Amino acid sequence: MSDPFELIDEPDGEPVAARGFVPAAPAPPPAWLDKLNPEQRAAVEATEGPVLVLSGAGTGKTRVLVTRVSYILSQRLAKPWQILAVTFTNRAAREMRERVLALVGPVAEAVWLGTFHALSVRILRRHGEVIGLKSNFTILDSDDQLRLLKQVMEVDDIDPKKWPAQGLMGVIQRWKDRGLTPEKVSRETGVDYAGGRAQALYVAYQERLRTLNAADFGDLLLHCLTLFQARPDILGEYQNQFRYVLVDEYQDSNVAQYLWLRLLTQANRNICCVGDDDQSIYSWRGAEVGNILRFEKDYPDATIIKLERNYRSTPTILAAASHLIAHNEARLGKTLRSGHEGNTDPGAPIRVRGVWDGPEEARWIVDEIESLQRSKHDLNQIAILVRAGFQMLEFEERLITTGIPYRVVGGPRFYERMEIRDAIAYLRLINQPEDGLAFERIINTPKRGLGDSTVQKIHQLGRALGVSLVEASLRIIETDELRPQARAALRGFCTDLARWQSLRETTSPGDLAGMVLEECGYIDMWQKDKTAEAPGRLDNLREFVSGLAEWDTLSGFLEHVSLVMENDAANAEDAVTVMTLHSAKGLEFDTVFLPGWEEDIFPNRRSLDENGQKALEEERRLAYVGITRARARVFVSFAANRRVYNQWQSSIPSRFIDELPKNAIQQESEAGLYGNAGGGSGSFDFPGFRDPSRAGSGVRRPTKMIEAESWESKPRTSASSFQVGDRVFHDKFGYGRVEAVDDSKLEIAFDKSGRKKVLDSFVQPA
DNA sequence: TATTTTGGTCTTTTT
DNA sequence: GACCAAAATA
């Protein structure tokens with residue numbers, strides 16, 4: 001790629017002049033600036049001083065960030081490595097990098113661009129010794145964290161039934177999110193966990209991490225803060241280096257990230273934060289909307305720019321989203337309006353459909369996808385967005401049976417599979433012998449006759465001598481502590497490990513991994529395994545090894561794995577996307593399906609129970625995010641019955657459905673289900689559901705639901721023990737009389753709630 | 001030590 | 001109903 005701005009200067013290490021930098025000869029404004037609207041352009045050109053860009057959905061937020069970086073480079077306001085651009089997700093970082101590269105060329109490679117976590121790692125790899133981390137430290141995933149914490153709690157005799165490790169993990173993580181090291185935890189919420197020992201356990205946990213030369217996710221930020229505070233000289237270097245700082249999705253930053261930014265920017269204050277309070281959906285993870293709300297207080301001289309022109313969605317979709325989000329009270333207040341002025345086409349209405357149950361919902365959605373496919377729609381432009389991961393299964397099944405290609409984002413992740421984690425554990429141990437968690441994971445995988453008792457002994461010795469498990473193993477095989485069998489096996493393992501370690505310098509990671517897995521017998525183990533999933537696991541291992549070939553250092557690969565838990569290859573082909581609403585933020589599609597709009601699912605019950613009104617508003621923001629992902633078509637659906645675990649439960653349409661403007665939606669319900677078969681829209685009631693008192697009027701006699709059911713290959717449930725005319729009682733709806741029986745589905749005229757379809761397992765004879 | 005059985009938990013969202 | 005961890009059994 002050409003480089004019109006001649007920016008590939010050799011790095012000079014030290015910035016020429018930290019402040020008052022004026023380009024010798026200002027370059028003419030690049031042509032791509034003209035493609036911006038006035039607000040966007042203002043946000044790009046306001047390079048000096050603090051800037052807050054309040055950017056509604058689809059208003060060109062990423063474009064502003066990308067252009068701003070490019071602008072700073074093209075105007076020679078800074079060298080590439082003097083720009084710090086922070087994103088929230090790896091995907092956002094990748095996209096931003098690609099787009100900046102496209103605008104200004106390969107110089108952009110040198111920009112410090114990445115997630116908070118990735119950038120923190122970069123800093124810690126360099127200066128970690130200050131806070132006691134060697135530069136090859138391991139980053140633990142949540143699995144390892146939990147395992148480690150369990151060990152710590154066990155030492156302290158905490159009853160895992162009473163105080164689950166997961167709970168303490170949450171407490172500690174929230175502390176870390178707020179930038180609290182163990183000493184700083186005082187009267188914070190959560191100290192009374194585990195009978196008031198939470199803080200002591202936090203201390204112990206951090207100590208264990210240190211001896212393992214490891215850090216968890218929260219530590220990456222936290223250690224940076226400690227480092228900056230302990231060594232003003234190092235902080236000063238970074239402050240000097242980063243002349244311009246840009247932050248994406250600022251509304252999702254937590255306290256630790258806020259402090260991180262503040263430390264790095266307090267010298268020259270050229271910070272530009274972009275965010276949207278209406279899309280703040282991570283408070284459960286410690287995000288503080290307060291950060292964006294207090295920006296003006298922190299920087300009284302801040303320039304504030306609002307982006308409200310939406311170029312993504314049809315006016316109908318915008319109207320629906322705006323109407324919905326207007327139900328929230330805590331807002332900075334922005335109004336989205338269409339960026340295409342004079343456009344008279346409002347676009348298709350949002351289709352809202354009620355169905356009988358989950359499988360029916362999946363069937364309807366996939367049918368719609370098929371018909372879109374027939375009319376030549378790009379499958380990549382279609383997404384099914386669910387509230388929670390478990391909802392995805394239903395759609396996957398249906399997509400598989402119909403043969404429509406799909407991909408699941410954020411689903412079962414490649415690197416979390418057991419065999420992959422095992423393989424990684426081998427590599428981790430080779431890379432970093434102190435990694436005791438990796439050691440424990442693989443010491444007896446494949447089986448070497450080194451069971452619990454042996455591991456316990458190694459542990460004991462290790463703790464007594466204060467050395468790593470590998471070191472302890474080496475010592476213990478020189479003694480008679482272990483039985484001859486175990487001793488020989490352990491000796492063999494140690495010898496192998498030493499040999500692999502020595503090969504690390506001379507062998508590529510890919511070759512090394514292949515060799516290790518072969519020699520340790522891991523491949524063999526799965527080949528001997530006759531279970532159904534064994535071949536798949538071998539495939540995964542093969543893919544794993546070949547994927548490794550792209551890396552030239554082992555540590556580089558391991559870092560990638562721990563920061564990017566997804567397998568980002570193999571994503572090109574035409575496929576429908578299935579993912580959670582959370583991971584959909586920042587993306588856009590022509591067509592979006594939003595299933596499961598039912599009370600307790602969406603808004604999520606647990607969330608509401610825990611955080612009440614605040615949570616409801618966050619759920620509503622999530623709905624807003626979902627709708628605004630769509631350019632042209634939105635489909636909302638809800639089912640009258642859901643299977644939860646093994647039980648059927650009847651459900652009520654989500655309150656968010658009522659919050660959509662009636663003139664923007666087209667309501668449709670399954671024949672017989674809501675009494676408006678034949679497609680009359682107009683009224684936005686769902687008789688018999690929302691307003692039981694009116695259920696009687698206009699309810700057409702339900703047609704049989706078997707038609708749909710017969711598609712299922714599942715065996716029929718045995719016929720109901722109820723008969724027409726029986727008096728029954730239902731927990732939710734009270735007393736009633738059975739009007740019709742269809743397998744296990746009953747149609748019942750309830751005395752108080754009108755006529756409903758329910759499953760026989762929910763009623764009892766009255 | 002290895003395998004089977006039981007019992008408990010899961011379904012909120014992720015770097 | 002599926003998955004995991006701990007307990008019981010071979």
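Rules of the game
Residues numbered from 1 in each chain as written. Chains lettered and ligands numbered in written order. Predicted model: local features only at pLDDT ≥ 70, side-chain atom pairs only at ≥ 80, totals over all residues. Heavy atoms only, no water. Helix = DSSP H or I, 4+ residues; strand = E, 2+ residues; numbered from the N terminus. Buried < 20%, exposed > 50% of the residue type's maximum accessible area, 1.4 Å probe, protein only. Salt bridge = Lys/Arg side-chain N within 4 Å of Asp/Glu carboxyl O. Phe/Tyr/Trp six-rings, centres within 6.5 Å; stacked < 30°, edge-to-face > 60°. Near = heavy atom within 4 Å. Polar contact = N/O pair within 3.5 Å; in protein donor to acceptor, adjacent residues only side chain to side chain. Axes fitted to C-alpha atoms, helices over the stretch in contact; angles between N-to-C directions. Parallel < 35°, antiparallel > 145°, perpendicular 65-115°, else oblique. Left-handed = near helix turned anticlockwise from the far one by under 90°. Contact = heavy atoms within 4.5 Å. pLDDT = per-residue confidence, 0-100. Pairing = 2+ DSSP bridges. Right-handed = clockwise from strand over helix to strand, strands pointing away. Core = buried A, V, L, I, M, F, W, Y, C linked by side-chain atoms within 4.5 Å. Disulfide = S-S within 2.5 Å.

Considerations on unusual backbone geometry
- Geometrically, the link from Phe602 to Pro603 is a cis peptide bond, its omega value of 10° lying close to zero.
- Looking at the secondary structure, you find Pro603 in the loop between β15 (589-594) and α27 (605-628).
- The backbone of Asn213 shows a phi angle near 55°, a positive value even though the residue is not glycine.
- With respect to the helices and strands, Asn213 occurs in the loop between α8 (198-211) and β5 (214-215).
- With a relative accessible area of 3%, Asn213 lands in the buried category.
- Despite not being glycine, Lys376 shows a phi value in the positive range, around 65°.
- Structurally, the position occupied by Lys376 is in the loop between α15 (358-374) and β12 (382-386).

Topic: the pattern of salt bridges
- Enumeration according to the criterion identifies 48 salt bridges in this entry.
- The salt bridge partner of Glu249 is Lys61, with a shortest N-O separation of 3.5 Å. Here Lys61 lies in helix α2 (residues 61-74) and Glu249 lies in the loop between β6 (244-247) and α11 (255-265), a separation of 188 residues in the sequence.
- What makes Lys61 buried here is its relative accessible area of 15%.
- Between Arg605 and Asp609 there is a salt bridge; the shortest N-O distance is 3.3 Å. With Arg605 and Asp609 both in helix α27 and four residues apart, this pair spans about one turn of that helix.
- On the accessibility criterion, Asp609 (57% relative accessible area) is exposed.

With respect to the packing of aromatic side chains
- A complete count under the given rule lists 20 aromatic pairs for this structure.
- Ring geometry for Phe593 versus Phe635: centroids 4.5 Å apart, planes at 20°, classification stacked. Here Phe635 lies in strand β16 (residues 630-644) and Phe593 lies in strand β15, a separation of 42 residues in the sequence.
- Exposure remark for Phe635: the relative accessible area of 4% places this residue in the buried category.
- Considering the side-chain rings of Trp597 and Phe656, the 6.3 Å spacing of their centres and the 75° angle between planes classify their relative orientation as edge-to-face. Here the residue Trp597 occupies a position in the loop between β15 and α27, and Phe656 occupies one in helix α28 (residues 655-658), the gap between them amounting to 59 residues. The two residues Trp597 and Phe656 agree in class, both being buried.
- Cluster of aromatic residues (ring-pair linked, three or more members): Trp112, Phe228, Tyr238 and Phe242.

Concerning the protein's contact with DNA strand B
- As a structural note, the neighbourhood of DNA strand B is formed by 26 residues, with Arg387, Gly389, Ser453, Thr454 and Arg606 the closest of them.
- Across the atoms of DNA strand B situated within 4 Å of the protein, the share located in sugar and phosphate is 56%.
- Contact between DNA strand B and Ser453: a phosphate oxygen at 2.3 Å from a side-chain N or O atom of the residue.
- Between DNA strand B and His582 there is a distance of 3.4 Å, counted from a base oxygen to a side-chain nitrogen or oxygen.
- Counting residues per element, the ones that place at least two in the surface near DNA strand B are α19 (452-465), α26 (581-584) and α27.
- The element best represented in the surface near DNA strand B is α27, accounting for three residues.

Section: the packing of helix α17 (residues 418-431) against helix α24 (residues 534-548)
- Their axes nearest at 9 Å, the elements α17 and α24 cross at an angle of 40°. Classed by the angle they form, the pair α17 and α24 counts as oblique. The two elements α17 and α24 cross, and the hand of that crossing is right-handed. Taking contact as the criterion, the partners of Met418, Glu419, Ile420, Ala423, Ile424 and Leu427 in α17 are, on α24, Arg537, Asn540, Leu541, Phe544 and Leu548.

Concerning the confidence of the model for chain A
- For chain A, the mean per-residue pLDDT works out to 81, and 85% of the residues sit at or above 70.
- Across chain A, β6 holds the top mean pLDDT of 96, while helix α29 (residues 706-709) sits lowest at 28.
- Across residues 1-24, confidence stays below pLDDT 50; counting only partners more than four residues off in sequence or on other chains, it has 38 contacts.

Topic: the pairing of strand β2 (residues 83-87)
- By the criterion of burial, β2 is predominantly enclosed, with five of the five residues buried.
- Burial along β2 is two-sided: the residues Ile83, Ala85 and Thr87 and Leu84 and Val86 are all buried.
- Alignment of β2 against β6, held across four bridges, turns out to be parallel. Bridge pairing in β6 links Val86 to Val247.
- Pairing of β2 with strand β3 (residues 112-115) involves four bridges; the strand directions are parallel. Bridge pairing in β3 links Leu84 to Trp112.
- Traced from β2 through helix α3 (residues 90-104) to β3, the parallel crossover comes out right-handed.

Quick look at the sheet that holds strand β7 (residues 271-275)
- Judged by pairing direction, the sheet is parallel, and its six strands sit side by side in the order β3-β2-β6-β7-β1-β8 without closing on themselves. Every other strand in the sheet has two partners, leaving β3 and β8 (303-307) as the edge strands with one partner each. The mean angle between the axes of side-by-side strands here comes to 15°, regardless of whether they run parallel or antiparallel.
- Contacts from α3 reach β2 and β3, with the element oriented near 155° to β3.

Digging into the nonpolar core
- By size, the foremost hydrophobic cluster in this structure holds 46 residues, and its most contacted members are Leu490 and Phe544.
- Considering each element in turn, this core owes the most residues, eight residues, to α17.

Some points on the state of the cysteines
- Per the stated rule, a full pass over the model turns up zero disulfides.
- No disulfide involves Cys272; its sulfur sits 6.8 Å from that of Cys273, the nearest cysteine.
- Residue Cys272 is classed as buried on the basis of its relative accessible area of 0%.
- The exposure class assigned to Cys273 is buried, which follows from its relative accessible area of 0%.

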